[in-house]
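Residue-level structure breakdown
The primary structure of each chain is shown beneath.
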Amino acid sequence: DTAVSQTPKYLVTQMGNDKSIKCEQNLGHDTMYWYKQDSKKFLKIMFSYNNKELIINETVPNRFSPKSPDKAHLNLHINSLELGDSAVYFCASSHRLAGGRETQYFGPGTRLLVL
Amino acid sequence: DQQVKQNSPSLSVQEGRISILNCDYTNSMFDYFLWYKKYPAEGPTFLISISSIKDKNEDGRFTVFLNKSAKHLSLHIVPSQPGDSAVYFCAASDQGGSEKLVFGKGTKLTVNP
């Protein structure tokens, strides 16, 4: 009964390949996020979707394309993988209240290694 | 430019003593602050938060203090337990209409038995 789940947990691939990471949340939240934690350990937001609409896009290369088929899912597709894409990718979700703040709940992460 | 800074990459304390983790921020628009705890190979888990209208929030052994004039917050853990050993991330957001969190680089806390 994992709240935010990601698949796969580990992904090793060659440069130039296209890959997808899937995220699902069963918390009933309406906002989902993708974060990247690079080799320097910085955790930075990439995208955010609210009710399947893109609301945050943080100057991420257009090789990265998020897709939200429904409120409970936010997948990340990466084209033409580069060495610099090697990182841990975290999915998160939250429920946004008008004028209020909510906690973001994170998935376990997907460790991507591009060779 | 780092808007949220955790200048101590690591901290080691004895079990039962107080752990104090510090965080500084530069963006005066930040009005909501959170602490997350992260174990190896797991995602960050929420620990405690504080709004800028408060200067202290307490939850059991965890207390967060906010000094807005100094743009500084700290997390106090009393008493520290070995199970508290983890990386602690400070995060902040503003009222810009989105819930974008800006994270610090983390402080690795080790609590020695």
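You'll find the structure just up there.
Considering the pairing of strand 5 (residues 43–50) of chain A
Residue and element names in this part refer to chain A. Counting buried positions along strand 5 gives seven out of eight residues, so the element sits mostly inside the fold. One ladder, built from seven bridges, connects strand 4 (residues 31–37) with strand 5; its direction is antiparallel. Bridge pairing links K36 to K44 in strand 5. The turn joining strand 4 and strand 5, which pair antiparallel and follow one another in sequence, is formed by five residues; a positive phi near 75° is taken by K41. Here four bridges tie strand 5 to strand 6 (residues 53–57), and the two strands are oriented antiparallel to one another. Bridge pairing links Y49 to L54 in strand 6. A loop of two residues connects strand 5 with strand 6, the two strands running antiparallel in sequence, and N51 in this loop sits at a positive phi of about 50°.

Section: the state of the cysteines
Each disulfide is one covalent bond, formed between the sulfur atoms of two cysteines. The tally for this structure, following the rule as stated, stands at two disulfides over all chains. Covalently, C23 of chain A is tied to C91 of chain A through a disulfide, its sulfur atoms 1.8 Å apart. On the S-S bond that ties C23 of chain A to C91 of chain A, the torsion sits near -80°, and the link is left-handed. Of the two residues, C23 of chain A is situated in strand 3 (residues 19–25) and C91 of chain A in strand 9 (residues 87–94); the sequence distance between them amounts to 68 residues. A sulfur-sulfur separation of 2.0 Å characterises the disulfide bridge that pairs C23 of chain B with C90 of chain B. Note on the C23 of chain B and C90 of chain B pair: the S-S dihedral is about -75°, so by sign convention the disulfide is left-handed. Remark: C90 of chain B occurs in strand 9 (residues 86–94) and C23 of chain B occurs in strand 3 (residues 19–25); sequence separation between them is 67 residues. Neither C23 of chain B nor C90 of chain B differs from the other in exposure class; each is buried.

Here we look at the packing of aromatic side chains
Inspection of every chain in the model, using the stated rule, returns twelve aromatic pairs over all chains. A connected cluster of aromatic rings, assembled from ring pairs, spans Y33, Y35, F90 and F106 of chain A together with Y36, F46, F89 and F103 of chain B. Looking at K44 of chain A, its charged tip hangs above the ring of F42 of chain A, at a distance of 5.6 Å from the centre.

Describing the sheet that holds strand 7 (residues 62–67) of chain B
All names here are of chain B. Here five strands make up an open sheet; going across it, the order is 1-3-8-7-6 and the pairing antiparallel. Strand pairing shows two members of the sheet lacking a second neighbour, strand 1 (4–5) and strand 6 (56–59), which therefore form its edges. Looking at chain direction, strand 1 and strand 3 are connected through two bridges and run antiparallel. By the bridge assignment for strand 3, K5 is matched with D24.

Procedures and definitions
- Residues numbered from 1 in each chain as written.
- Chains lettered and ligands numbered in written order.
- Predicted model: local features only at pLDDT ≥ 70, side-chain atom pairs only at ≥ 80, totals over all residues.
- Heavy atoms only, no water.
- Buried < 20%, exposed > 50% of the residue type's maximum accessible area, 1.4 Å probe, protein only.
- Helix = DSSP H or I, 4+ residues; strand = E, 2+ residues; numbered from the N terminus.
- Pairing = 2+ DSSP bridges.
- Disulfide = S-S within 2.5 Å.
- Phe/Tyr/Trp six-rings, centres within 6.5 Å; stacked < 30°, edge-to-face > 60°.
- Lys NZ or Arg CZ within 6 Å of the ring centre and 35° of its normal.

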